[in-house]
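Now for the letters of each chain:
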Amino acid sequence: MENKSVGMLIIGIAVVMAIMVLLFNSVLRDKIGLVCSHGPTCEMYTDVNVQTWISLSIVGIVFILGLFIMLTKPKEKIIIKKVKEKKKKLDLSGFDKDERKVIELLQEESGGMFQASLMEKMGMGKVKTTRLLDKLEAKQLIERKRRGMNNIIILKNS
C-alpha cells in the first residue's frame with residue numbers, strides 16, 4: 001500500500017477511537033450521575049475527566065502519526081536488472097575434427113561434462129584426451145575443474 005492509503009487508514013482508526021472514547025465517557029458520566037450522591041463535586045467525575053483526556057491524547061498521537069505517514073513520500077524503489085550476455089556462436093572452422101567434436105559434445109551437454117564421459121564418447125585414451133583438452137584450454141575455450149578423482153570440463157562461451 002502507498003503511504004497516503006496507510007495514513008488515511010490510520011486517521012480513520014483514530015477517528016473511530018475518538019468516537020468510542022467520547023461515547024464510553026458520556027455513558028460513564030450518566031452512570032456516575034445515577035450512583036454518586038455528592039453531585040458534580042464527586043471525585044468520580046474528575047477521574048472520568050482524567051481518563052477522557054488521557055484517551056483523547058492517545059487518539060491524538062495516533063491521528064498525528066496517520067498524518068505524518070500520509071504526508072511523507074515513500075522511499076524510491078531501486079530496481080536492478082541483470083543483463084544476460086548473448087551467447088556467441090563459436091567459429092569452429094579453425095579447429096581440427098577432434099577439437100570440433102569436443103566442443104560440439106560440450107554444447108550438447110549444456111556446456112559441461114566429466115572428462116571420463118568425454119573420453120568414452122570420443123573413443124580416445126587418457127593421454128590423447130588430456131593433450132586435446134590442453135590445446136582447447138590454451139585457446140581459452142574450455143576450463144577444467146578438479147572434482148575428486150575426475151575433472152569437469154566446462155565450455156567457457158556457453
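Only a predicted model underlies this, so the values are computations on that prediction, with no experimental measurement involved.

(A) Spotlight on the packing of helix H3 (residues 97-108) against helix H5 (residues 126-138). Where H3 meets H5, the closest approach of the two axes is 10 Å, and the angle between their N-to-C directions is 80 degrees. Taken together, the axes of H3 and H5 lie roughly perpendicular to each other. Residues Asp98, Glu99, Val102 and Ile103 of H3 pack against Lys128, Leu132, Leu133, Lys135 and Leu136 of H5. The class makeup of the residues in the contact of H3 with H5 is five nonpolar, no polar and four charged.

(B) Just the side chain of Asn151, in detail. Looking at the secondary structure, you find Asn151 in strand S3 (residues 150-155). In this structure the side chain of Asn151 is engaged in a polar contact, spanning 3.2 Å, whose partner is the side chain of Arg146. Each residue touching Asn151, except ones within four places of it in the same chain, is listed here: Met113, Phe114, Gln115, Arg144, Lys145 and Arg146.

(C) Looking closely at the pairing of S3. Of the two faces of S3, the one lined by Asn151, Ile153 and Leu155 is fully buried and the one lined by Asn150, Ile152 and Ile154 carries no buried residue. Examined bridge by bridge, strand S1 (residues 112-114) and S3 share three bridges and lie antiparallel to one another. For Met113, the partnering residue across the bridge sits in S3 and is Ile153. Relative to S3, strand S2 (residues 142-147) runs antiparallel, the two sharing six bridges.

(D) Fine view of the packing of H3 against helix H4 (residues 115-122). Taken N-terminus to C-terminus, the directions of H3 and H4 make an angle of 125 degrees; their axes are 11 Å apart at the nearest point. When the axes of H3 and H4 are compared, the pair comes out oblique. In the crossing of H3 with H4, the sense of the turn from one axis to the other is right-handed. Along its contact with H3, which presents Asp98, Lys101, Val102 and Leu105, the element H4 presents Leu118, Lys121 and Met122. Residue classes in the contact of H3 with H4 are distributed as four nonpolar, no polar and three charged.

Criteria and thresholds
Residues numbered from 1 in each chain as written. Predicted model: local features only at pLDDT ≥ 70, side-chain atom pairs only at ≥ 80, totals over all residues. Heavy atoms only, no water. Axes fitted to C-alpha atoms, helices over the stretch in contact; angles between N-to-C directions. Helix = DSSP H or I, 4+ residues; strand = E, 2+ residues; numbered from the N terminus. Parallel < 35°, antiparallel > 145°, perpendicular 65-115°, else oblique. Contact = heavy atoms within 4.5 Å. Nonpolar A, V, L, I, M, F, W, Y, C, P; charged D, E, K, R; others polar. Polar contact = N/O pair within 3.5 Å; in protein donor to acceptor, adjacent residues only side chain to side chain. Buried < 20%, exposed > 50% of the residue type's maximum accessible area, 1.4 Å probe, protein only. Pairing = 2+ DSSP bridges. Left-handed = near helix turned anticlockwise from the far one by under 90°.

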